[in-house]
Amino acid sequence: MRPSPKIAIEEAEFWEAATNGIFKLATCTSCATIIHPPSPVCFQCHGDVIRFQEVSRTGTVVAFTTVFYQFVPGESVPYALVSVELDAQDELVFTSKLIDVPPEFEPHIGMTVEVAFAQSGDLYLPVFRPVRVQ
Amino acid sequence: MSPIPGGDVAINGLGMSSVGRPSLSSSLTLAVNACRAAVADAHLDWSDIDGLAAFPGGLSRAGSNGVGPPELQNALRLELDWYAATGECASPLGAVFSGVGAIAAGLANHVLCFQVMSDASTRKRGLTAAFADASVDGLLRWLLPFGSPAAPVHLALVASRYAHLYGLERQTLASVAINNRANAADNPWAVFQAPLSIDEYLAAPMIASPFCRFDCDVPVDGAVAFVLSRDTADGDMSRAVRIASIGSANRGRATWDQVKDSWHMSDFDAAAMMWRRTDIRPTDIACAQLYDGMTFTVLSWLEALGFCGPGEAADFIEGGAGIARNGPLPINTDGGQLSAGKLQGFGHLYEGCLQVRGEAGVRQIPHAVGSPVVVSMGTGPMAGCVLLTGS
């Protein structure tokens, strides 16, 4: 079976939001820094009151690959994978699959994408889709 | 006493088990065989060993290793004053660095450092063993479920960023794989010894673009051990390899994907620290054993260590001529992890010591004897490097 992430109690809101089609990330209530992967402490100000808040769904591809090898049982290959710098904050990168593209589609750096959601087992995961196929 | 703490610690003995794909022996047998060879090489007895350091130890995740200090202590009934297994440190070399620290702190005089790999056996049981847990915890929970399950994929993303900034031809990656294979032909323990052609490389199945199968290192079963001794210890230290400087720094974002210019990984921090603590310069280096978990990590280390500038690795490699055994900077003279086998940095350190001691046989770089040699390991969130010199 496909491994799924441990849903830690303090991160449950990320997954609940994704199930409802909302993109929420951990945000420091003191200095508003967005923190991904989520952390119980802000790396910027060391504030420790972290809340999940809805953030902008758009971003720019900064790295990509097409994965051909099936590392994880049950994973369908090939698929396009992208690291996206989110518009919400400088150097805030979210890595996930790129959907709604033809098989073996090679993304390109600088491509504009937006968050969508895809079901994986019992979970909904944030993924990306092109804002327009260029 | 060296001005650098730990600078009076030397690598006094080397040992390696048989290397198999897979091995029919247990990991404990492989570990004991490597350790026995290292202790004998140091002209010591088991009773001299008062410290034990391992990477990563016996409680590591499924997929590699599985012998820790307690199991080895019990097998040999060693009388230890200090021991540690360090699974998250400045790469597997960090286990050696912790041994250096223990000696410098006065906790031990002769530390045995070992690592056992069992990746080949794990793969034979099915690669799924590494992902047997249905629930993924740790940093990987933000990568694996999202489609980035393993280092070749994480590094494929990094390579795409590098290619965007500087350009990257598959031929450059191929020249690293072909160089290492050519060196492996002269290494008796290398698992792949037949020459690799560019046509074979280009025809190989893709793993994650731009990487194909020949860009990935080879899982093996095997163990490597070192004896670290205080320089002033009793006994003959004439063959000892000196540790001139260690790079163990980590200052950026210790993740795989969170830096926009993500090719700038922890190897850059480690390399900067190593050079900061020595007068030896990159131009003094006789050969380098650079981490080649992927072909691309050799490019990254060449730039991190300042052998060339950012984006200049392809020019430096020069289609293979720049890194060949008769070239200006011989790289991975034993075949490295791409062709000799994935002994996770300990294989690189073993070959580095052989080169300094002048014991690398037909692979010997003549001017490496007693000269500065660099060994590096790791990338992404964890990396380390060490500068070796003669006694």
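Preceding this section is the structure that the text describes.
Here is what the cut-offs are and how they apply
- Residues numbered from 1 in each chain as written.
- Chains lettered and ligands numbered in written order.
- Predicted model: local features only at pLDDT ≥ 70, side-chain atom pairs only at ≥ 80, totals over all residues.
- Heavy atoms only, no water.
- Helix = DSSP H or I, 4+ residues; strand = E, 2+ residues; numbered from the N terminus.
- Rg over C-alpha atoms; globule rule 2.2 N^0.38 Å.
- Contact = heavy atoms within 4.5 Å.
- Buried < 20%, exposed > 50% of the residue type's maximum accessible area, 1.4 Å probe, protein only.
- Pairing = 2+ DSSP bridges.
- Axes fitted to C-alpha atoms, helices over the stretch in contact; angles between N-to-C directions.
- Parallel < 35°, antiparallel > 145°, perpendicular 65-115°, else oblique.
- Nonpolar A, V, L, I, M, F, W, Y, C, P; charged D, E, K, R; others polar.
- Salt bridge = Lys/Arg side-chain N within 4 Å of Asp/Glu carboxyl O.
- Left-handed = near helix turned anticlockwise from the far one by under 90°.

(A) Layout of the overall build of chain A. Counting its regular elements, chain A contains one helix and nine strands. Overall, chain A shows an N-to-C arrangement of helices and strands of β-α-β-β-β-β-β-β-β-β. Computed over the C-alpha atoms, the radius of gyration of chain A is 15 Å, within 12% of the 14 Å expected from 2.2 N^0.38 for a compact globule of 134 residues. Counting only C-alpha atoms and orienting by the principal axes, one finds that chain A spans roughly 45 × 35 × 25 Å. Expressed as a percentage of contacts within chain A between residues at least 6 apart in sequence, the contacts between residues at least 24 apart total 50%.

(B) Quick peek at the environment of B:Asn326. Residue and element names in this part refer to chain B. Structurally, the position occupied by Asn326 is in the loop between helix H10 (313-317) and helix H11 (336-339). On the basis of relative accessibility, which here comes to 73%, the residue Asn326 falls in the exposed class. Separated by 243 residues in sequence, Asn326 and Tyr83 have C-alpha atoms that sit 41 Å apart.

(C) Representation of the pairing of strand E9 (residues 241-247) of chain B. Residues and elements named next belong to chain B. Within E9, five of the seven residues are buried, leaving the element largely enclosed by the surrounding structure. Pairing analysis gives two bridges linking strand E1 (residues 9-16) to E9, with the strands arranged antiparallel. Paired with Ala10 across the two strands is Arg242, which belongs to E9. Note that E9 and strand E12 (residues 382-389) share five bridges and pair antiparallel. Paired with Arg242 across the strands is Thr389, a residue of E12.

(D) Looking closely at the packing of helix H6 (residues 170-184) of chain B against helix H9 (residues 295-304) of chain B. Residue and element names in this part refer to chain B. Between H6 and H9, the shortest axis-to-axis distance is 8 Å and the interhelical angle comes to 95 degrees. When the interaxial angle is binned, H6 and H9 end up roughly perpendicular. Contacts between H6 and H9 involve Thr172, Leu173, Val176 and Ala177 from the former and Thr295, Phe296, Val298 and Leu299 from the latter. Here the contact of H6 with H9 is built from residues that sort into six nonpolar, two polar and no charged.

(E) Structural detail: the sheet that holds E9(B). Residues and elements named next belong to chain B. Here nine strands make up an open sheet; going across it, the order is E3-E2-E4-E8-E1-E9-E12-E11-E10 and the pairing mixed. Either end of the sheet is taken by a strand with one partner, and the two such strands are strand E3 (82-85) and strand E10 (287-289). Ignoring which end each strand starts from, the neighbouring axes of this sheet average 25 degrees apart. Its contacts with the sheet put helix H3 (residues 93-104) on E1, strand E2 (51-54), E3, strand E4 (110-118), strand E8 (221-230), E9, strand E11 (373-379) and E12, and the angle it makes with E8 is roughly 20 degrees.

(F) A look at the interface of chain B and chain A. Between chain B and chain A, the contact holds 34 residues from the first and 40 residues from the second. Between the two partners, chain B and chain A, sit one salt bridge. Across the salt bridge formed by A:Glu11 and B:Arg141, the nearest N and O atoms sit 2.4 Å from each other. Element by element, the count of residues in the side of chain B that touches chain A is highest for helix H5 (residues 151-166) of chain B, at seven residues. Of the residues in the side of chain B that touches chain A, the class split is 18 nonpolar, eight polar and eight charged.

(G) How the structure looks around the packing of H5(B) against H9(B). Residue and element names in this part refer to chain B. Packing of H5 against H9 brings their axes to within 10 Å, and their N-to-C directions diverge by 55 degrees. With respect to each other, H5 and H9 are oriented oblique. For the crossing formed where H5 meets H9, the hand is left-handed. Facing H5, whose interface residues are Leu155, Val158, Ala159 and Tyr162, H9 presents Phe296, Thr297, Leu299 and Glu303. Across the contact of H5 with H9, the residue classes tally to six nonpolar, one polar and one charged.

(H) A look at the pairing of E2(B). Residue and element names in this part refer to chain B. Taking every second residue as pointing to the same face, both faces of E2 are buried, with Gly51 and Ala53 on one and Leu52 and Ala54 on the other. With four bridges joining them, E2 and E3 adopt parallel strand pairing. If you follow Leu52 over to E3, its bridge partner there is Tyr83. The sheet contact formed by E2 and E4 spans four bridges and is parallel. Each bridged residue has a counterpart across the sheet, and for Ala54 the counterpart in E4 is Phe114.

That is the geometry; function is a separate question.
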